[in-house]
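Structural overview
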Amino acid sequence: MARGLADKFDGKRLRQARAAAEDGRGISAEELARRIRATKAQVLAYENGLVRPDPRRIRLLAQVLEIEPLQLSDSSSAQAWTLADLRRAHGLRAADVSGQLGLSLRAYRRLESEGIVPVHKFNLMSELAELFEMNASEIEEHLCRAPLLPQRLDEVREPLACLLSFYLQPKNLDKPGPGDDEIVALAGLYRRSPLTVARIVGHEIARLRGIRRRQVGFEAAASFGATAEEQAKGQAAAQTEGRKIGELIDALPQNMDTFFRCMLPQDTWRTLALFHALRPLGGWLSAGQLQATTEHLTMIPVQLLERRTTGKDAANAEYRLSEHGAKHCAAYRPWYDACYPAVQSFVQVNERALAGHMQQSDLHDLLAQSEAVLFSFDGLLCRLFGRNLQSVSERLLTEAQSLQLALPPQTPTDPVGMLRAFVRHGTPGQIHQLDRLLTQFETEAARHAAPLPGVSQLLRALGESNRRLAVVTDHASDAVDTFLERLPTDIPAGRIAVFGRPDDPELMKPNPHGLTRATAALKVPHTRVLLMGESIADALAAQTAGIPFVGIAATTRQARMLRDAGASRTVASVRTITAVVKEQQAGA
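So, here's what we can say about the structure. (Residues numbered from 1 in each chain as written. Predicted model: local features only at pLDDT ≥ 70, side-chain atom pairs only at ≥ 80, totals over all residues. Heavy atoms only, no water.)

**Side note on the overall build of the protein chain**
The secondary structure content of the protein chain amounts to 27 helices and 9 strands. For a compact globule of 588 residues, the expected C-alpha radius of gyration is about 25 Å, and the protein chain comes in at 33 Å, more than 25% above that figure. Seen through its principal axes, the protein chain has C-alpha atoms that stretch 105 × 65 × 55 Å. Long-range pairs, those at least 24 residues apart, make up 67% of the contacts in the protein chain with a sequence separation of at least 6. For the protein chain, the computed accessible surface area is about 29300 Å², with 50% contributed by carbon and sulfur atoms. Computed over 71 positive and 67 negative side-chain charges, the separation of the two mean positions in the protein chain equals 3 Å. (Helix = DSSP H or I, 4+ residues; strand = E, 2+ residues; numbered from the N terminus. Rg over C-alpha atoms; globule rule 2.2 N^0.38 Å. Contact = heavy atoms within 4.5 Å. Areas by Shrake-Rupley, 256 points an atom, 1.4 Å probe, with all protein chains shown as cover. Lys, Arg positive; Asp, Glu negative; His and termini not counted. Charge placed at Lys NZ, Arg CZ, Asp CG, Glu CD.)

**Topic: unusual backbone geometry**
For the bond from K509 to P510, the omega torsion is 15 degrees, close enough to zero to count as cis. Here D23, not a glycine, exhibits a phi torsion of approximately 55 degrees, which is positive. Along the chain, D23 turns up in the loop between helix 1 (11–20) and helix 2 (29–35). One non-glycine residue, E133, adopts positive backbone phi at about 55 degrees. Considering the arrangement of structural elements, one finds E133 in the loop between helix 8 (124–132) and helix 9 (136–143).

**Things to note about the packing of helix 19 (residues 389–402) against helix 21 (residues 428–446)**
Closest axis-to-axis distance for the helix 19/helix 21 pair is 10 Å, and the angle between their directions is 160 degrees. When the interaxial angle is binned, helix 19 and helix 21 end up roughly antiparallel. As helix 19 packs across helix 21, the resulting crossing turns out to be right-handed. Contacts between helix 19 and helix 21 involve V392, R395, L396, E399 and A400 on the former and, on the latter, L434, L437, L438 and F441. Tallied by class, the residues present in the contact of helix 19 with helix 21 amount to 7 nonpolar, no polar and 2 charged. (Axes fitted to C-alpha atoms, helices over the stretch in contact; angles between N-to-C directions. Parallel < 35°, antiparallel > 145°, perpendicular 65-115°, else oblique. Left-handed = near helix turned anticlockwise from the far one by under 90°. Nonpolar A, V, L, I, M, F, W, Y, C, P; charged D, E, K, R; others polar.)

**Here we look at the environment of R192**
One can find R192 in the loop between helix 11 (181–190) and helix 12 (194–224). Note on R192: relative accessible area 10%, which makes it buried. Taking the C-alpha atoms as reference, R192 lies 58 Å from A372; in sequence the two are 180 residues apart. In contact with R192, other than residues within four places in its own chain, are V117, P118, V119, A187, V197, F260 and M263. (Buried < 20%, exposed > 50% of the residue type's maximum accessible area, 1.4 Å probe, protein only.)

**Observations concerning the sheet that holds strand 2 (residues 305–309)**
Spatial ordering of the open sheet is given by 1-3-2, a layout of 3 strands whose pairing is antiparallel. The open sheet has two free edges, formed respectively by strand 1 (285–286) and strand 2, since each of these has just one partner strand. (Pairing = 2+ DSSP bridges.)

Here it is as structure tokens:
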């Protein structure tokens, strides 16, 4: 087909439209030809499919017939159209569209033929969607059918394969740099900077190394497992990891291409990333809350952000992330973090500021009036089971089945929750056996559990004060003692009291039994005790016991969950508490 002709044009639709024109009276082929400055023979050739008009003639025909240009095309195959097909069906020339988009004709031709979006036109999907009156996802589908795109992606595979082959070699811990020949070649094919391409490929190499490490571990189990069953499981798992590696490598050229068509510049991504971080809190945010200008917000593609105005003042606009925006962030945040490392720190700082955490002055007052500090254990001081959580739960479930315990309708996936769920379905003897087995698992795990960041410093700072300290937990006391003995805090043995899982699992949190027991043993009034925890159960138990509570919420989702449970006082990290304690000691 000659360049510019609309091969999706449907002559039958032209004939039907001509017959229905003028309120159904119709117009003759001769009259239509006169109005579009053509000949009757040309019009009849269009209608009979002998000749296809160019886009300008399609638009002129549609204007005379008072219909949309798209109505003169066979839209039954529209799901297979390229962007060029879509443009011609709308009666537009490449020069018409490039002018409206502010692109050079050469850049627009490259967009249609190769699917390459210029770096400075990151909002191009939205502009095209508005121009063609469709959504950005549909525009993306048309771009993915660019005729030269498969050839370009095939050219990408060779240098990419060379990079992966070299940097995934055993003992090679390096990452590709912008000066690597293969990175330069990839940058040219994607029309992006070598630094950007190097950072994304480097991130994917690190990801593939992690999968490869797991695969090697499974291969070892397949070769040296103690039983045939262990070896078979290891072999199956190793094959699964191998398939993951192959699938990731195969999909990487297309995934990078899709990302580069919608990649946001650093300032725009910074604002969108903050929206994404704060999304679990719900609600709308103003430009002032986001420390962003209205100009920054209007630069974000419209499909990624929802906007509303309050009252009659258009200047008082509020914004929130759209579903499409949430998907964009979830899909590409690792690559954005790799390309814009400074944004990650900015988001973390501002997330804490907007997450509704208590002021340090209020925390100072709360700590000043506390004579005793209680801690929850798993999730606050450590991750007790870490990656072994599922295997421990499975072993506990197997034991419950061997004890002929009836399975609850909805069995929790965590071991402590599982024990609580079985209480109503077993005899005291059965529950005692299950509790004893769980205690063994917990104590063994505590021998290897590392303190979470900032925990050792917090306990050391509090240990230097005159406050009484205790851990109140639904885990076994032996496990907590084992963990505390390994902590490098210089706190004398027994300085931190431990109140572990009660004999009756019904008395576990959110029941206030453990907190009441600890308060009585420490001989401190409830109002002079402070509980630090990270779970809803901690918050509810503290409320029932009448004990002040501070929730540790590392994410906005945790902060919202705790607030929904009635915990109005939260901090982002135990480090915040440590800083206030040290400040009090310095001022004492």
